[in-house]
Amino acid sequence: TLIPSPTSESQTKEHSLRIHDYLYFQVLSPGDIRYIFTATPAKDFGGIFHTRYEQIHLVPAEPSEACGELSNGFFIQDQIALVERGGCSFLSKTRVVQEHGGRAVIISDNAVDNDSFYVEMIQDSTQRTADIPALFLLGRDGYMIRRSLEQHGLPWAIISIPVNVTSIPTFELLQPPWTFW
């Protein structure tokens with residue numbers, strides 16, 4: 001008799017995202033969204049984090065889709081951009097942020113009610129590349145971060161990225177209350 005191997009197709013699809021496929025960051029300020037957020041790295045483009053940033057600005061791009069010139073590009077230089085999905089490819093957004101001197105880009109889903117489905121960000125049909133890390137964030141998380149910044153009149157959040165959650169006791173893992181596991 002043949003016994004399916006642990007890497008059979010059905011199990012691979014079920015477990016396509018393993019713990020090491022996630023990257024975590026913590027919002028330090030503003031305090032009302034001081035949580036650890038979960039993101040997924042782009043599948044086949046972009047760089048990886050070689051440095052842990054203890055405190056770096058997460059700057060919402062203007063315009064939010066970041067498909068061309070950014071009106072607040074000066075603030076993105078040496079920081080991380082928060083971008084919204086839509087309008088152009090994930091790679092195009094990543095390249096725009098890279099051209100503005102950003103160290104990484106976090107692209108949140110444009111479906112603000114998405115609190116559980118991670119989109120796999122893949123290369124577009126062009127031969128272009130990007131060197132900075134690109135991460136996908138749930139739409140609900142991106143919306144809550146942007147909403148908090150607007151409510152406080154702040155131009156950016158302060159975050160730590162990446163965060164090693166395996167070293168944090170479970171009871172201290174402050175995940176957003178709107179995200180259910």
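Looking up the chain in an unreviewed UniProt entry gives the name PA domain-containing protein, with the organism given as Felis catus.

Engineer: Help me get a handle on the state of the cysteines, residues and values and all.
Structural biologist: This structure, assessed with the given rule, holds one disulfide. One disulfide bridge connects C67 with C88, the sulfur atoms lying 2.2 Å from each other. Between C67 and C88 the disulfide shows an S-S torsion of about -95°. By sign, it is left-handed. With C67 in the loop between β3 (53-60) and α2 (73-76) and C88 in the loop between β4 (80-84) and α3 (90-99), this residue pair connects regions lying 21 residues apart in the sequence. For C88, a relative accessible area of 25% translates into the label partly exposed.

Engineer: Explain the sheet that holds strand β7 (residues 157-161) to me, and be specific about the residues and the numbers.
Structural biologist: Pairing is mixed around the closed barrel formed by seven strands, whose spatial order is β1-β2-β6-β5-β4-β3-β7. The sheet shows a mean angle of 40° between the axes of neighbouring strands, taken without regard to direction. With four bridges connecting them, strand β1 (residues 23-29) and strand β2 (residues 36-41) associate as antiparallel partners. Across the sheet, Q26 pairs through a bridge with I36, a residue of β2.

Engineer: Give me the packing of aromatic side chains: which residues, what numbers.
Structural biologist: Aromatic rings in a pair are described by how distant their centres are and how their planes are angled relative to each other. Taken as a whole and assessed by the stated rule, the structure comprises eight aromatic pairs. Here the aromatic rings of F74 and F75 are separated by 5.7 Å at their centres, their planes lie at 80°, and the arrangement is edge-to-face. For F74, a relative accessible area of 69% gives the class exposed. Judged by its relative accessible area of 43%, F75 falls in the partly exposed class.

Engineer: An account of the nonpolar core is needed here, citing residue identities and associated values.
Structural biologist: Core analysis: the biggest nonpolar cluster contains 28 residues, and F45, I76, V83, F90, V97, V105 and M121 have the highest contact counts within it. When residues of this core are traced back to their parent elements, those giving at least two are β4, α3, β5 (104-108) and β6 (134-137). Looking at this core element by element, the count peaks at four residues for α3. Aside from chain neighbours lying at most four places away, what touches I76 is V59, A61, L70, A81, V97, H100, G101 and G102. By size, the runner-up hydrophobic cluster in this structure holds 24 residues, among which are F37, I56, L58 and A104.

Rules used in this analysis
Along each chain, residue indices are assigned from 1 in the same order as the chain's sequence is written. Reporting in this predicted model follows two pLDDT cut-offs: at least 70 for local features of residues, and 80 or more for side-chain atom pairs to be given and counted; totals over whole chains, interfaces and linings ignore these cut-offs and use all residues. Side-chain figures throughout are based on the complete set of non-hydrogen atoms in the structure, without hydrogens or water. By disulfide we mean two sulfur atoms from cysteines, separated by a distance within 2.5 Å. Where helices and strands are cited, they refer to DSSP runs of H or I of at least four residues and of E of at least two residues respectively, numbered from the N terminus. Accessibility here uses a 1.4 Å probe with only protein chains present; expressed as a share of the type maximum, an area under 20% marks a residue as buried, one over 50% as exposed, and anything in between as partly exposed. Here the rule is simple: two strands pair whenever DSSP picks up at least two bridges between them. In this analysis an axis means a line fitted to C-alpha atoms, helices contributing only their contacting stretch, and an angle means the value between N-to-C directions, from 0 to 180 degrees. Here a pair means two rings of Phe, Tyr or Trp (six-membered ring of Trp) with centres within 6.5 Å. Their orientation is stacked below 30 degrees between planes, edge-to-face above 60, and tilted elsewhere. Throughout, nonpolar core names a set of buried Ala, Val, Leu, Ile, Met, Phe, Trp, Tyr and Cys residues whose side chains join them through atoms within 4.5 Å. Whether two residues are in contact is decided by their heavy atoms, any of which lying within 4.5 Å being enough.

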